[in-house]
Structure formats: C-alpha cells, structure tokens
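A look at the structure
If you want the building blocks of each chain, they are given just below.
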Amino acid sequence: YVELLRSPAMRTVLYVAVGTFFFGHGLNNWLPEILRFGGMDPTSAGLWASIPVIIGMIGALVFPRLAIPERRMKILAVLFLAQLLAPLFIEWGGGTLIAGLILQGLARGTLSVVVVLVMMELREVDGTRMGAAAGMYFTAGEIGGVLGPLTIGTLYDATGGFAVALYFLAALCAWQMLLLSRLKTALR
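In this report, we go over the structure that sits alongside the text. (Residues numbered from 1 in each chain as written. Predicted model: local features only at pLDDT ≥ 70, side-chain atom pairs only at ≥ 80, totals over all residues. Heavy atoms only, no water.)

**Observations concerning the environment of Gln176**
In this fold, Gln176 is placed in helix H8 (residues 163-187). For the pair Gln176 and Val18, spaced 158 residues apart in sequence, the C-alpha to C-alpha distance is 9.8 Å. Leaving out residues up to four positions away in the same chain, Gln176 has contacts with Val16, Gly19, Thr20, Phe80 and Gln83. Side chain to side chain, Gln176 and Gln83 meet in a polar contact 2.9 Å long. (Helix = DSSP H or I, 4+ residues; strand = E, 2+ residues; numbered from the N terminus. Contact = heavy atoms within 4.5 Å. Polar contact = N/O pair within 3.5 Å; in protein donor to acceptor, adjacent residues only side chain to side chain.)

**Quick look at the packing of aromatic side chains**
Taken as a whole and judged by the stated rule, the model has ten aromatic pairs. Their ring planes at 55 degrees and their centres at 5.6 Å tell us that Trp30 and Phe162 sit as a pair that is tilted. Of the two residues, Trp30 sits in helix H2 (residues 8-37) while Phe162 sits in the loop between helix H7 (130-159) and H8, which places them 132 residues apart along the sequence. Since its relative accessible area comes to 22%, Trp30 is described here as partly exposed. Three or more aromatic residues joined by ring pairs make a cluster, and in this case those are Trp30, Phe37, Tyr156 and Phe162. (Phe/Tyr/Trp six-rings, centres within 6.5 Å; stacked < 30°, edge-to-face > 60°. Buried < 20%, exposed > 50% of the residue type's maximum accessible area, 1.4 Å probe, protein only.)

**Points about the side chain of Thr20**
Counting through the fold element by element, Thr20 comes out in helix H2. Residue Thr20 is classed as buried on the basis of its relative accessible area, which comes to 7%. Among all residues touching Thr20, those that are not within four sequence positions of it are Phe80, Leu111, Ser112 and Gln176.

**Quick look at the environment of Gln83**
Position of Gln83 relative to the elements: it lies in helix H5 (residues 72-92). In this structure Gln83 comes out as buried when scored by relative accessible area, which is 2%. Those residues in contact with Gln83 that sit more than four places away from it in its chain are Phe23, Ala107, Leu111, Cys173 and Gln176.

**Quick notes on the packing of H2 against H8**
For the pair H2 and H8, interaxial distance at closest approach is 10 Å and the crossing angle is 155 degrees. Overall, the two elements H2 and H8 adopt an arrangement that is roughly antiparallel. Regarding H2 and H8, the two cross each other, and that crossing is left-handed. Only Leu166, Phe168, Leu169, Leu172, Cys173, Trp175, Gln176, Leu179, Arg182, Leu183 and Ala186 of H8 make contact with H2, whose side of the interface consists of Pro8, Ala9, Thr12, Val13, Tyr15, Val16, Gly19, Thr20, Phe22, Phe23, Leu27 and Ile34. (Axes fitted to C-alpha atoms, helices over the stretch in contact; angles between N-to-C directions. Parallel < 35°, antiparallel > 145°, perpendicular 65-115°, else oblique. Left-handed = near helix turned anticlockwise from the far one by under 90°.)

**Regarding the nonpolar core**
The nonpolar side chains of a soluble globular protein tend to be buried with one another. The biggest cluster of nonpolar side chains holds 32 residues, and the ones touching the most others in it are Met10, Leu76, Met119, Leu122 and Tyr137. Elements represented by at least two residues in this core include exactly H2, H5, helix H6 (97-121), H7 and H8. Discounting residues that sit within four places of it in the chain, Met10 has contacts with Leu4, Met119, Leu122, Val125, Ala133 and Met136. Listed in part, the 22 residues of the second largest apolar core include Leu27, Leu31, Leu35 and Leu166. (Core = buried A, V, L, I, M, F, W, Y, C linked by side-chain atoms within 4.5 Å.)

**Considerations on the pattern of salt bridges**
Evaluated as defined, the whole model comprises four salt bridges. Between Arg129 and Glu3 there is a salt bridge whose closest N-O contact spans 2.3 Å. Of this pair, Arg129 sits in the loop between H6 and H7 while Glu3 sits in helix H1 (residues 2-6); the two residues are 126 residues apart in sequence, bridging distant segments of the chain. Given a relative accessible area of 27%, Arg129 falls into the partly exposed group. The residue Arg123 makes a salt bridge to Glu124 at a minimum N-O spacing of 3.8 Å. Overall, Arg123 belongs to the exposed group, its relative accessible area being 68%. The exposure class assigned to Glu124 is buried, which follows from its relative accessible area of 17%. (Salt bridge = Lys/Arg side-chain N within 4 Å of Asp/Glu carboxyl O.)

**Remarks on the packing of H2 against helix H3 (residues 42-49)**
In the contact formed by H2 and H3, the axes pass within 8 Å of each other and the chain directions differ by 130 degrees. Put simply, H2 runs oblique to H3. Crossing of H2 against H3: the hand is right-handed. Only Pro42, Ala45, Trp48 and Ala49 of H3 make contact with H2, whose side of the interface consists of Leu31, Pro32, Leu35 and Arg36. Class assignment for the residues of the contact of H2 with H3 results in seven nonpolar, no polar and one charged. (Nonpolar A, V, L, I, M, F, W, Y, C, P; charged D, E, K, R; others polar.)

Structure (structure tokens):
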C-alpha cells in the first residue's frame, strides 16, 4: 500500500476515484428530489430519474469495449465533459434536461470502469499489486460516495435550492479534467 501511495499516478487515480464517486452518488441519490424541486410531481420525477440508469446500462456495455489503451484518455475526457455538462443542463432545465440526464447516464455507467483500466496500466500496479490497488481505488471512491450526497444535502439546506450544488458538481468535473491531464503525463 505504501509503495502504491508513493506513486503520483496512483494518487491521481485515487483523487479521480473520490471525485467520480462523489459526483455519482451525490447526483444519483438527490436526482429525484432535484427534479421535484424543479416542478415535477413525485411520480414523474422518479420516472425521469430512471433515464440515467437506463443510459448507464447501455454505456457500460459500449464504452469499455471502445476504451482500448490508445483511446482511454480521450474517452475519459469525453466522459468527464459529459459529467461536467450534466448538472448544468439539469439546472438549466427546459429543453436541456433530457440531454443532462442522458449525459449523466453515459458518464455514470462507464467512468469507473475506464479509470480502473487506466489504473491497471500504471507501472506501479503489476499483477502482485492489482488487488491492493483496486481495494484502494474503491476505498477512496467510497469516501467520495459518502461525501457527495452529504455535501449536496448540506448545500441545499444552506441555500434553499440545488443550484449551488449542481454548479459545485460541474466545478468538481472541471477539476477532474485537470487531474486527467496530470494522469496522462504520468502514463507517459
């Protein structure tokens, strides 16, 4: 574990894991309430909140197959961009809502899988350390998985709405895109 943590690339992967789970758990868990806050009745909000789940299942079948080593960073960049736009489109509502839900689903179903594939390429993660690296990835991720819903709820309580939380999620995705450039450099 200590040797893995000494690696800047592995630490970057762990930061990405925290951010990815933070975003995923936070937005997914609060989405029906966000949609209700936007004016939907509970039944409609529940139905609309299922769109990212369905799109995520399709994305999980398609994107990992396309994520060959030469394309992984480009696919991650596209997925982070989709994740960045999703909360903005959801916040803006109207005609952009469905696009936001679709983009959220694409990123949701695929990001962790592709990040784990990138992690497996790291020089420090050989066959003897893969289990430890995967355990560290999911442990770090679940820290974000707990903090995401908690932060969104706290921001809702503090502001009386979800706009600040959704803009915060978009900013988090911008930070992840910066981490991606750092990770790309580390893989060289």
